[in-house]
Amino acid sequence: MDMLQSLGMSKDLIADLLINIVSIIVLYLVVKKLAYNPVKKFLNARTEKVEAQKKEAAENLKEATQMKEKYDELLKDSENAKAEAIKEGINNAKAEATEIIDSAREQAKTIVDKANKNAKQKEQEALDNAREEIVNLAIDASKTLLHREFDDADNKRLIEDFLDSLKSNGDIDA
């Protein structure tokens, strides 16, 4: 204290200075205890809450990314399935068209075969009718030329001879 007095300070000033220093120290301790620690706790809690929200947001982002990848894969699979279904539909349609065409060809062949058979039958009928007509004309001609009646055996023999001669000349087909 003597030192302070030698600097020109009075005892009252020194006492005030000491009281102020002690008051500042007490005030510091009180403020630290009552304000700083609760504010520090609040700030630490707020920091932890922000960090937890960041962590949750990162997890949500990761989960959303995974879900997006999953849905992209599902979309790709559905597009592949759609393309496969279209391809299968086209193949089924082609197979059905081929089946219809084959059936139509078979029906057309059956119709043509039937028409050819009918034509041959009509041709044979025409040949048979012509043969019968020729036979009748031959019988009438022989009756007129020979002025006599032939029995069935004579008629048959004459007709066969006549037809054989026509065949051998190539005038008619058998």
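Residues numbered from 1 in each chain as written. Predicted model: local features only at pLDDT ≥ 70, side-chain atom pairs only at ≥ 80, totals over all residues. Heavy atoms only, no water.

Some words on the overall build of the chain
Right, on to step 1. Tallying secondary structure elements over the chain gives three helices and zero strands in all.
Right, on to step 2. Sequence-ordered secondary structure for the chain, helices as α and strands as β, is α-α-α.
Right, on to step 3. Relative to its 174 residues, the chain shows a buried fraction of 5%.
Right, on to step 4. A total accessible area of about 15,300 Å² is found for the chain, and carbon and sulfur atoms account for 59% of it. (Helix = DSSP H or I, 4+ residues; strand = E, 2+ residues; numbered from the N terminus. Buried < 20%, exposed > 50% of the residue type's maximum accessible area, 1.4 Å probe, protein only. Areas by Shrake-Rupley, 256 points an atom, 1.4 Å probe, with all protein chains shown as cover.)

Regarding the nonpolar core
The nonpolar side chains of a soluble globular protein tend to be buried, and buried together.
Right, on to step 1. By size, the foremost hydrophobic cluster in this structure holds five residues: Val135, Ile139, Ile159, Leu163 and Leu166.
Right, on to step 2. Every element with two or more residues in this core is listed here: helix H2 (11–146) and helix H3 (152–169).
Right, on to step 3. Among the elements that make up this core, the one with the highest residue count is H3 (three residues). (Core = buried A, V, L, I, M, F, W, Y, C linked by side-chain atoms within 4.5 Å.)

So, a negative patch on the surface
Right, on to step 1. On the surface, Glu125, Asp128, Glu132, Glu133 and Asp140 cluster together to form a negatively charged patch.
Right, on to step 2. Following the sequence through the fold, glutamate 133 ends up in helix H2.
Right, on to step 3. The class for glutamate 133 is partly exposed, based on a relative accessible area of 46%. (Patch = residues over 30% accessible without salt bridge, like charges linked within 9 Å, V, L, I, M, F, W, Y side chains within 5 Å. Salt bridge = Lys/Arg side-chain N within 4 Å of Asp/Glu carboxyl O. Lys, Arg positive; Asp, Glu negative; His and termini not counted. Charge placed at Lys NZ, Arg CZ, Asp CG, Glu CD.)

Remarks on the pattern of salt bridges
Right, on to step 1. A full pass over the atoms with the stated rule returns three salt bridges.
Right, on to step 2. Glutamate 51 serves as the salt-bridge partner of lysine 54, at 3.9 Å between the closest nitrogen and oxygen. With lysine 54 and glutamate 51 both in helix H2 and three residues apart, the pair spans about one turn of that helix.
Right, on to step 3. You can call glutamate 51 partly exposed: its relative accessible area is 44%.
Right, on to step 4. Between lysine 68 and aspartate 72 there is a salt bridge, and its shortest N-O distance comes to 3.0 Å. Note that lysine 68 and aspartate 72 are positioned in helix H2 at a spacing of four residues, about one turn of the helix.

Examining the confidence of the model for the chain
Low-pLDDT stretches of the model should not have their predicted coordinates read in fine detail.
Right, on to step 1. Looking at the chain, pLDDT values average 84 and 84% of them are 70 or higher.
Right, on to step 2. Mean pLDDT in the chain bottoms out at helix H1 (residues 2–6), which sits at 61, and peaks at H2, which reaches 89. (pLDDT = per-residue confidence, 0-100.)

Things to note about a nonpolar patch on the surface
Right, on to step 1. Taken together, the side chains of Leu17, Leu18, Ile21, Ile25, Tyr28 and Leu29 present a nonpolar region at the surface, about 580 Å² in accessible area.
Right, on to step 2. With respect to the helices and strands, the residue isoleucine 21 is situated in helix H2.

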